[in-house]
Protein chains: 4
Amino acid sequence: MACPYGYGAAEPTTTSVIDESKVQFETSAHEEDHANGQEGVNKVELKMGETYGDYLQLGKLLSCQRLQSTEGGHTVNDEHLFIVIHQAYELWFKQIIFDIDIVRGLLNNCVVDETKTLRIVSGLERTVRILKLLADQMHILETMSPLDFVEFRKFLTPASGFQSLQFRLLENKLGVLPERRIRYNAQHYKKVFEHSAELDALEKSETEPSLLRLMESWLERTPGLKGPNGKEEEGFWSQYEQAVNRYLDDLKKDAENPEHPDPVRDQLIAEYHKTSDSFRSILDVEKHNQQRKYMDRVLSHEAMKGALMIYFYREMPRFSQPYQILTYLMDIDSLFTKWRYNHVMLVQRMLGSKQGTGGSSGFLYLRSTVSDKYKVFLDLFNLSTWLIPRQYIPQLSPRMVKTLSEHSNHLSGGGSATEGSEDEEACSIVRT
Amino acid sequence: MACPYGYGAAEPTTTSVIDESKVQFETSAHEEDHANGQEGVNKVELKMGETYGDYLQLGKLLSCQRLQSTEGGHTVNDEHLFIVIHQAYELWFKQIIFDIDIVRGLLNNCVVDETKTLRIVSGLERTVRILKLLADQMHILETMSPLDFVEFRKFLTPASGFQSLQFRLLENKLGVLPERRIRYNAQHYKKVFEHSAELDALEKSETEPSLLRLMESWLERTPGLKGPNGKEEEGFWSQYEQAVNRYLDDLKKDAENPEHPDPVRDQLIAEYHKTSDSFRSILDVEKHNQQRKYMDRVLSHEAMKGALMIYFYREMPRFSQPYQILTYLMDIDSLFTKWRYNHVMLVQRMLGSKQGTGGSSGFLYLRSTVSDKYKVFLDLFNLSTWLIPRQYIPQLSPRMVKTLSEHSNHLSGGGSATEGSEDEEACSIVRT
Amino acid sequence: MACPYGYGAAEPTTTSVIDESKVQFETSAHEEDHANGQEGVNKVELKMGETYGDYLQLGKLLSCQRLQSTEGGHTVNDEHLFIVIHQAYELWFKQIIFDIDIVRGLLNNCVVDETKTLRIVSGLERTVRILKLLADQMHILETMSPLDFVEFRKFLTPASGFQSLQFRLLENKLGVLPERRIRYNAQHYKKVFEHSAELDALEKSETEPSLLRLMESWLERTPGLKGPNGKEEEGFWSQYEQAVNRYLDDLKKDAENPEHPDPVRDQLIAEYHKTSDSFRSILDVEKHNQQRKYMDRVLSHEAMKGALMIYFYREMPRFSQPYQILTYLMDIDSLFTKWRYNHVMLVQRMLGSKQGTGGSSGFLYLRSTVSDKYKVFLDLFNLSTWLIPRQYIPQLSPRMVKTLSEHSNHLSGGGSATEGSEDEEACSIVRT
Amino acid sequence: MACPYGYGAAEPTTTSVIDESKVQFETSAHEEDHANGQEGVNKVELKMGETYGDYLQLGKLLSCQRLQSTEGGHTVNDEHLFIVIHQAYELWFKQIIFDIDIVRGLLNNCVVDETKTLRIVSGLERTVRILKLLADQMHILETMSPLDFVEFRKFLTPASGFQSLQFRLLENKLGVLPERRIRYNAQHYKKVFEHSAELDALEKSETEPSLLRLMESWLERTPGLKGPNGKEEEGFWSQYEQAVNRYLDDLKKDAENPEHPDPVRDQLIAEYHKTSDSFRSILDVEKHNQQRKYMDRVLSHEAMKGALMIYFYREMPRFSQPYQILTYLMDIDSLFTKWRYNHVMLVQRMLGSKQGTGGSSGFLYLRSTVSDKYKVFLDLFNLSTWLIPRQYIPQLSPRMVKTLSEHSNHLSGGGSATEGSEDEEACSIVRT
């Protein structure tokens, strides 16, 4: 990657001043309508005094509830709820996509101006709050009676939640990996979409950098990872490696203590080897990459280093927001999983193990997606594996303290000087 | 009232078989579109395989988000959230209105078939769950920045939440009393609505029986309130009155106990008088009606009796669902108040005490609506005032036990006989 | 089973008047202290004016927080939270056990007086609310920092949540089956308990009837399952069987329709066979029992019948509370699973895949318990599998309507007569 | 105030290295037991393998539930819940006090090392999560039946929640002002406490600096408030004043526009005057202090300036955490109010308007505390009043950008130099 080192260690460029109205990736096929001519007219109307109902387009919005059971001749009341709740989900999906696109836009810059960090944090926090609501929202649907659901379900075939374009876009934009997707009826997930606009949007969402990949690049640029002049040996990783070795040595000595009764010693030594192997799996880049091949891990080795460094020094001013970002990314994963789980439980209550129309059980498919395979930021959940007790953690050198206390941003003319020094001079993390 | 006594003590009529597709009151001006011709077309399309997106009309739904700030030349991202969350609120308001209308339809019958009770309970429970979600949903809006809100707020003038037709309809359908409404800028709440369809809908919602009034009639018909042949003296109320008197007598004796030191006795006697006054205010129909005149109470005396009887004997099979209904009505009030409160807090955070466009503070108006004046079922919250210790509660006679164990419903041919007996024979609540 | 048929179709006995103070199973080893002598003293003090702090024993309660890290010489603040939250969990576990014991006590009677149903419903509802709180409560622990957790965790070894006596008691009392438990480090779950009082309590909880088993018996007594004089052929099940056959016949005819293109017909026929097999698995008691052998189902065939009957006729007054009970039982399962899941996610965040002290990963063990194996009421979730469209559902005969409208209870002298008629006369569910 | 300007603009001192184990204020009378001798014994036991139950002192904890109704001869089941839920509240109050004491300890330093900011943020976030739980927890108590509550309530007299020492300590530590407290039965809140240890703890909590006062001092030291060499005219406030004037001028011009019809102009001019008055009330220190005298505001003028500056420039790295702190403080107020409100609603449902033992209604007293008088951080809610549109907000000078990007902390030897420059050189907030 050609990006200079450090979150924002680039020469000041005009592009680093992000125009908020442009940072967004386009969101979805539906949004295109948005840019059309009719708005000009509305604007004039607004000046003349737009009402609440006009502003929110309630006439249109509230005429989107068309009960198939009513058209079938006998209204099933629960269908109204079924439609409204799904529409509420889709509205919120649109909002999440909107926010995730903004976050992606802010990150899709080799330089991430640190005055933008708050906006990244806020965008993710908002997404977390929305997802919490969406997981709770499922419980409203539990008030449907399975018998009533059976009654109007027949009208829905073959419409299915698998056809939610926005949900698939969202998965892709977050970074669900196509190769980890579980197939439903041996079909590719895109099979249910027909319109070329939809397929194009999906295609685009698969090829554009996902939040996962953008976060990966950003983590790789964590300031302080490398030492001055990019010297590996004075950077965090090298210090961490030494610290781990000291820790493992102590563990070993402790295990081999001749005062232990034999069986205790044997067990402690076995544990020491397991712990040692576990640390090797992250210290040795080859081993890490092997796990990536098996898809047990997805982040690059460099990004893992950055994430670990943030974990250890999260109290440093420059890391406190990055630490929150890591937390929110895990929250997003957790809440999505909870949403999937609540959904599965609901489907089970409503349909039992009834066959789906395609011949296999929707319930079983859905249950299979409540899995680590759909956790985009799985690697972050595992970071604690490689924490070491506080007394082993390398102390920061004064220079490193300075590096981790002074934020870079495009506004500060003098900023480049400071940042230059980061690259050129040094940031050995050991107190010298 | 021409209705016979007892929840369902009427002769079986064909109208008591409620056709679910007809019970609903019409819901709102928006819904009328619904009945129009276009649906016929859609139906055919469905047969040919409607997709998820078609079914939910997502093309239409997801093109209702039109940012005024974008049209003003500079997108303010938070406006997207502002629109989406208000639209989600309106979708849910539509659902609540739909459910409340069903409940009202089921109640709007002098005979309420008790096989319908579960549906009333379910409709209210669903409303409670939705309101819980809506109160929580407000916290998502807290992620807006006040500065950003200021940015796009200028485009919204004079649009205002006071113009939410559905919210006003909902208030009216529940039973918010026009004379208890607080005026905003000395204006009637209907002043902000212009379209005749809107005004008609509001007019209708004010004149149709509200949930409050329907519940009142239903409570008045509580089985067992009166004795056999409608003899007051053998019914619940007369027994309750005697029990209260016994209880008050004991309180008095206890207070006047000469062993108490003087100041203690004085205090106990003062307390006895207060307690006695409090019970008189419900036992004496004149006093109760006086409080209604001052709007401190709203339910009829007869309805209060019914509610109290349910409170005392909620474990009797025929009262367990009615007890839940009373609980859900209070929950609805509580949650609405919470929603109002969360809304007020949000407005305060976003606007401080900034002036509204009409020259007075929206915040202060909103805060004034977080008040018991907007609690529709306030009387239910106060029921506990008149509970008496268990040892004073009149025991049910075997006949009354029978009355409160056998539900009436239109399906049971033999039902009328049973019910007839209720009216004709007796249901003295004292064990004889 | 010697119990007569129908929820409460027994001769009135004195024991059917349940003394609430006796219905409880004893709750736990801890509770025994409770009955000891010191209380007598307190009682006197109370008379003299007990304060809030005395009543709640706050002096004692708030001196139970002893930080090991403080004793180790350096307080780690997060340990305070760690202790408090676990203590809050244990307090609530005690409450849940208390309520579940009451519900079990009410059910542990061949006669269940239907005036007690509301208490069963309330006990379960309360448990549901508490479990909802406990699942949310886990998120407070997410505010711990993994680094700080590592800091005081060393003091905790070998203390472990696996040693929560109350949690194990609760699992047993609900009905987690010993043979479905997943072993942790190849150890029996009781291995970590040493005190004989604890082992006795566990033993007792395994041998006493669990909520699952009590519910099973109660479902087996569902009124209306059998016809008059216990004639199977006029009862619900026989009617249901005929209805299913009609439904399957129609499905088959529809599938074999020669107008279908060949591949469509083939698929529809395949689906028909699957559906048919699925229904056979419940209609054929042998097949059902085979599934029980493999532990895919746990309820008796008779209990499944009762549950299905409730599902179909939940609007009948006598079934509306039983339907709620079934719903709450599923909620309890769902919420326990959520609690387990939240716990797993937390452990993963705090420890990654670190080794437990016993040499295997606590995380992996915990994750394995987020499984259907720990769902006690799994069979209820699957009930919807066997619902049939409304037009096939057998209509209730007038006699059955009466049966399902009139509750039995010990208070009604005439009750035995009514109930007698249920047994003797008839309750054919078909309208004659 | 003798403290130098800027969050951490002090000479490095040894005391600025906060020893976490010492920062806490002592928490409560109950905690004192804690330090006693018995712990030494336990420590030894621990070494020998403490179990989960020992660690959490479950034997003791779970023997604190003593039902008065049981001792009165007839157990009322709901009393168990009543005790458990109050104990859970008290456990959590202890935790909140613990965290608030830590936050106060961190702030109770004229120098606040900015590497400690994350801990302040975390402590407040945790408190927010706990309070959210506590507000929800109230709904569990709604499952009590009012009749049952009446049954055991008689045993509780005169114990009352007003006697919760921890709740009062918490109010004081947060900063509820004694002069704003509402009297209950014309009594001082301390009247119900008798033990001298309790009175001492209360006394101490009133005299020690509250979170409110510590936050006030901290806000007063907001870096950038003053210009270089402390020159007021180059600092934020002076720039803000000019900006407000420009904004008001434009508003006035706009209002006086002769093209407006007369009534519109009159209204706009009236609005302008109100807006102008509103801004004067914050710009003019005299007016601000007058409002403080009436207790409409509580923060010092200097602190208000700091808070506003943070609001305007929250995206600057050095302000993003302070902004979160302000948000959490408001959340704490909101959630406490919600807790109070939920409590009031519950009391109303359980007791109606029954008399308290002291002769006046507890309900009315409690309702009166759901008021802005008990909002400690009320001033923060009003900050938005003085926001101005983005185009008027003064742009930051490069030097100010630098100031607001570089955190001070005790670890950086060079820190004092940087900070020195802040004081000595300049931080004019206008771009020069």
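Quick notes on the rules
Residues numbered from 1 in each chain as written. Chains lettered and ligands numbered in written order. Predicted model: local features only at pLDDT ≥ 70, side-chain atom pairs only at ≥ 80, totals over all residues. Heavy atoms only, no water. Helix = DSSP H or I, 4+ residues; strand = E, 2+ residues; numbered from the N terminus. Contact = heavy atoms within 4.5 Å. Areas by Shrake-Rupley, 256 points an atom, 1.4 Å probe, with all protein chains shown as cover. Buried < 20%, exposed > 50% of the residue type's maximum accessible area, 1.4 Å probe, protein only. Core = buried A, V, L, I, M, F, W, Y, C linked by side-chain atoms within 4.5 Å. Polar contact = N/O pair within 3.5 Å; in protein donor to acceptor, adjacent residues only side chain to side chain. Axes fitted to C-alpha atoms, helices over the stretch in contact; angles between N-to-C directions. Parallel < 35°, antiparallel > 145°, perpendicular 65-115°, else oblique. Left-handed = near helix turned anticlockwise from the far one by under 90°. Nonpolar A, V, L, I, M, F, W, Y, C, P; charged D, E, K, R; others polar. Disulfide = S-S within 2.5 Å.

1. Focus on the overall build of chain A
Helix and strand counts for chain A stand at 20 helices and zero strands. The long-range fraction of contacts in chain A, counting pairs at least 24 apart against all pairs at least 6 apart in sequence, stands at 80%. Of the roughly 15,900 Å² that chain A leaves accessible, carbon and sulfur atoms contribute 52%.

2. Some details on unusual backbone geometry
All names here are of chain C. Despite not being glycine, Gln 57 has its phi angle at roughly 55°, a positive value. As for its placement among the helices and strands, Gln 57 is situated in the loop between helix H3 (52-55) and helix H4 (58-61). Looking at Gln 57, the relative accessible area reads 9%, which means it is buried. Positive phi outside glycine occurs at Met 295, with the angle close to 65°. Following the sequence through the fold, Met 295 ends up in the loop between helix H14 (285-293) and helix H15 (301-312). The exposure class of Met 295 is partly exposed, given its relative accessible area of 22%.

3. Digging into the nonpolar core
Soluble globular proteins tend to pack their nonpolar side chains together in the buried interior. By size, the foremost hydrophobic cluster in this structure holds 247 residues, and its most contacted members are A:Leu124, A:Tyr240, B:Leu124 and B:Tyr240. Non-local contacts of B:Leu124, meaning those with residues more than four positions away in its chain, are made with B:Ile100, B:Val103, B:Leu211, B:Met215, B:Ile325, B:Tyr328, B:Leu329 and B:Ile332.

4. Focus: the environment of A:Tyr89
Residue and element names in this part refer to chain A. By secondary structure assignment, the location of Tyr 89 is in helix H6 (residues 77-107). Residue class for Tyr 89 comes out buried when judged on its relative accessible area of 4%. Setting aside residues up to four positions removed in sequence, Tyr 89 forms contacts with Leu 134, Gln 137, Met 138 and Trp 339. Engagement of the side chain of Tyr 89 in a polar contact is seen with the backbone nitrogen of Met 138, the distance being 3.2 Å.

5. What about the side chain of B:Gln321?
You can see B:Gln321 is positioned in helix H16 (residues 317-351). A relative accessible area of 6% places B:Gln321 in the buried class. The residues contacting B:Gln321, other than those within four sequence positions of it, are B:Thr117, B:Leu118, B:Val121 and C:Ser320.

6. Quick look at the packing of H15(C) against helix H16 (residues 317-351) of chain C
Residues and elements named next belong to chain C. Running from N to C, H15 and H16 cross one another at 115°; their axes reach a closest spacing of 9 Å. Classified by the interaxial angle, the pair formed by H15 and H16 is roughly perpendicular. The crossing of H15 and H16 is left-handed. Here H15 contributes Ala 307, Met 309, Ile 310 and Tyr 311 to the contact with H16, which in turn contributes Phe 319, Pro 322, Tyr 323, Leu 326 and Met 330. Within the contact of H15 with H16, the residues separate by chemical class into nine nonpolar, no polar and no charged.

7. A look at the state of the cysteines
For the coordinates displayed, the defined rule picks out zero disulfides over all chains. Unpaired in terms of disulfides, B:Cys64 finds its nearest cysteine sulfur in A:Cys64, a separation of 5.5 Å.

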